[in-house]
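# Chain and residue survey
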Amino acid sequence: MTHLLPDAFSRAIVRRPGPELVNGLTSHRGLRVDPVQALVQHEAYVKALTSLGVAVTVLPPLPGFPDACFVEDTAVVVPGCAVITRPGAPSRRGETATVAEVLARMVPVVTMDAPATLDGGDVLVVGDVGWIGLSDRTNAAGAAFLTEALSHHGVRMTTVPVAEGLHLKSSVNWVGGRRLLAAAPFAGHPAFADWEVMPVPPDEAYACNTLRVAGTLIAPAGHPATRDLLAATGDPVVELATDEIAKVDGGLTCLSLRLV
Ligand code: CIR
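Below: a short report on this structure. All values reported here derive from a predicted model rather than from experimental measurement.

## Brief notes about unusual backbone geometry
The peptide bond linking Ala114 to Pro115 adopts the cis configuration, its omega dihedral lying at 10°. Among the secondary structure elements, Pro115 is positioned in the loop between strand E5 (109–111) and strand E6 (123–126). Its identity as a non-glycine residue notwithstanding, Ala214 has a phi of 50°, on the positive side. By secondary structure assignment, the location of Ala214 is in the loop between strand E12 (211–213) and strand E13 (216–220).

Written out as structure tokens, the structure is:
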């Protein structure tokens, strides 16, 4: 599998946010999402993926599941396998069935069982290595299940504690080559010692959630220092507005499941 570039995605699955997004789980209690604006931002996201050559399957909102547009948390996909997760938040567990159905048409799937919990947002895979964040959403049993499942597909996983932020990928993402974009507290972690870590300024920590697709870096708008840092790599940078999605702790990676 290592001959495939980790960002050479041919397909992606997304789910449109619905009016229930206002009831999404959030750490920003005082902010109210505008679901119409969230949908506008989601449409721009789909357009960006499409313009980069990705065939996007768009699922409709899932009634009763306000956070269902954050499809990334429902599965971990590597070449040849998708692991359907058991999301850490009980209110999100019913999101997986419809995603599993769609994924099963594309790739063999295996399903995580209790007591394991894991959100896909805690998993970063770059080719044949990856990291699993142990967080409020992802437990040791979830990490062990995923590590074992991915070992059969040539991917070696390491765990990293997530002491701040919702998920590992709220703070660490791959941005090409040996480069990882990371929030300061993660930058010095020994798990990333073999990598060139680009530390993001603390006041732009949200921009750690940058997504690389087909050589282009899709970054959240409104984080100029991070944009300049990314532009200095020489790769094209596309900025997308995510402020509505951010009100419910969402970011760019969480809005899609991507398949090479
Ligand atoms: C949640 O708390 O589960 C949602 N409101 C946000 C999930 C964001 N997911 C992600 O970054 N992978």
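Still more ground to cover, so stick around.
## Observations regarding the side chain of Thr226
Residue placement: Thr226 occurs in helix H5 (residues 224–231). Within the structure, the side chain of Thr226 is placed 2.6 Å from the side chain of Glu204, a separation counted as a polar contact. If we skip the residues at most four places from it in the chain, Thr226 touches Leu181, Val200, Pro201, Glu204 and Ala207.

## What about the packing of aromatic side chains?
All chains considered together, the criterion is met by 2 aromatic pairs. Judged by centre distance (5.3 Å) and plane angle (55°), the rings of Trp131 and Phe192 are tilted. Placement of the pair is Trp131 in strand E7 (residues 129–134) and Phe192 in the loop between helix H4 (184–187) and strand E11 (196–200), with a sequence separation of 61 residues. Across the pair, exposure class does not vary: Trp131 and Phe192 are buried alike. Ring centres of Trp131 and Trp195 lie 5.4 Å apart, and the angle between their planes is 75°; this geometry places the pair in the edge-to-face category.

## So, the sheet that holds strand E2 (residues 55–59)
An order of E2-E1-E15 is seen for the 3 strands of this open sheet, with the pairing classed as mixed. Because the sheet does not close on itself, it has two edges, and the strands there are E2 and strand E15 (257–259). When the angles between neighbouring strand axes are averaged without regard to direction, this sheet yields 15°. Where strand E1 (residues 11–15) and E15 come together, 3 bridges link them in antiparallel fashion. Residue pairing across strands places Ile13 opposite Leu257, the latter belonging to E15. Lying over the sheet, helix H1 (residues 35–51) contacts E1, E2 and E15, oriented at roughly 175° with respect to E1.

## A short note on the site of the ligand
Neighbouring the ligand are 13 residues; Leu25, Asp67, Arg92, Val248 and Cys254 lie closest to it. Here an oxygen atom of the ligand sits 2.8 Å away from a polar atom, N or O, in the side chain of Arg137. Within the backbone of Val248, one N or O atom sits 2.7 Å away from a nitrogen atom of the ligand. For the ligand, the accessible surface in isolation is 340 Å², of which the surrounding protein chains cover 97%.

## A short note on the pattern of salt bridges
As enumerated under the stated definition, the model contains 11 salt bridges in all. The residue Asp119 makes a salt bridge to Arg137 at a minimum N-O spacing of 3.1 Å. Of the two residues, Asp119 sits in the loop between E5 and E6 while Arg137 sits in the loop between E7 and helix H3 (140–151), which places them 18 residues apart along the sequence. Considered together, Asp119 and Arg137 belong to a single accessibility category, that of buried residues. Here Asp235 makes a salt bridge to Arg212, at a shortest N to O gap of 2.7 Å. With Asp235 in the loop between H5 and strand E14 (237–240) and Arg212 in strand E12, this pair connects stretches of sequence that are 23 residues apart. Each member of the pair, Asp235 as well as Arg212, is classed as buried. Linked by salt bridges that have partners in common, Asp7, Arg179, Arg212 and Asp235 make up one network.

## Things to note about the layout of surface pockets
The computed volume of the largest pocket comes to approximately 670 Å³. When residues of the lining of the largest pocket are traced back to their parent elements, those giving at least two are H4 and helix H6 (243–246). Considered class by class, the residues forming the lining of the largest pocket number 15 nonpolar, 12 polar and 10 charged. Size it by volume and the second largest pocket reaches roughly 570 Å³.

## Remarks on helix H2 (residues 96–104)
Along H2, the positions that sit buried rather than exposed are Thr96, Val99, Ala100, Val102 and Leu103. Looking straight down H2, one finds that the buried residues subtend no more than 165° of arc, so they occupy a single side. Among the exposed residues of H2, those pointing more than 90 degrees away from its buried face are Ala97 and Glu101. As for H2, its buried residues are in contact with E1, E2, strand E3 (75–78), strand E4 (81–84), E5 and E15.

Criteria and thresholds
Residues numbered from 1 in each chain as written. Predicted model: local features only at pLDDT ≥ 70, side-chain atom pairs only at ≥ 80, totals over all residues. Heavy atoms only, no water. Helix = DSSP H or I, 4+ residues; strand = E, 2+ residues; numbered from the N terminus. Polar contact = N/O pair within 3.5 Å; in protein donor to acceptor, adjacent residues only side chain to side chain. Contact = heavy atoms within 4.5 Å. Phe/Tyr/Trp six-rings, centres within 6.5 Å; stacked < 30°, edge-to-face > 60°. Buried < 20%, exposed > 50% of the residue type's maximum accessible area, 1.4 Å probe, protein only. Pairing = 2+ DSSP bridges. Axes fitted to C-alpha atoms, helices over the stretch in contact; angles between N-to-C directions. Near = heavy atom within 4 Å. Areas by Shrake-Rupley, 256 points an atom, 1.4 Å probe, with all protein chains shown as cover. Salt bridge = Lys/Arg side-chain N within 4 Å of Asp/Glu carboxyl O. 1 Å grid on protein atoms, 1.4 Å probe; cavity = no way out; pocket = protein on both sides within 12 Å on 5 of 7 lines; lining within 4 Å. Points joined across faces, edges and corners; volume = space filled by probe spheres on them. Nonpolar A, V, L, I, M, F, W, Y, C, P; charged D, E, K, R; others polar. Arc of directions from axis to C-beta.

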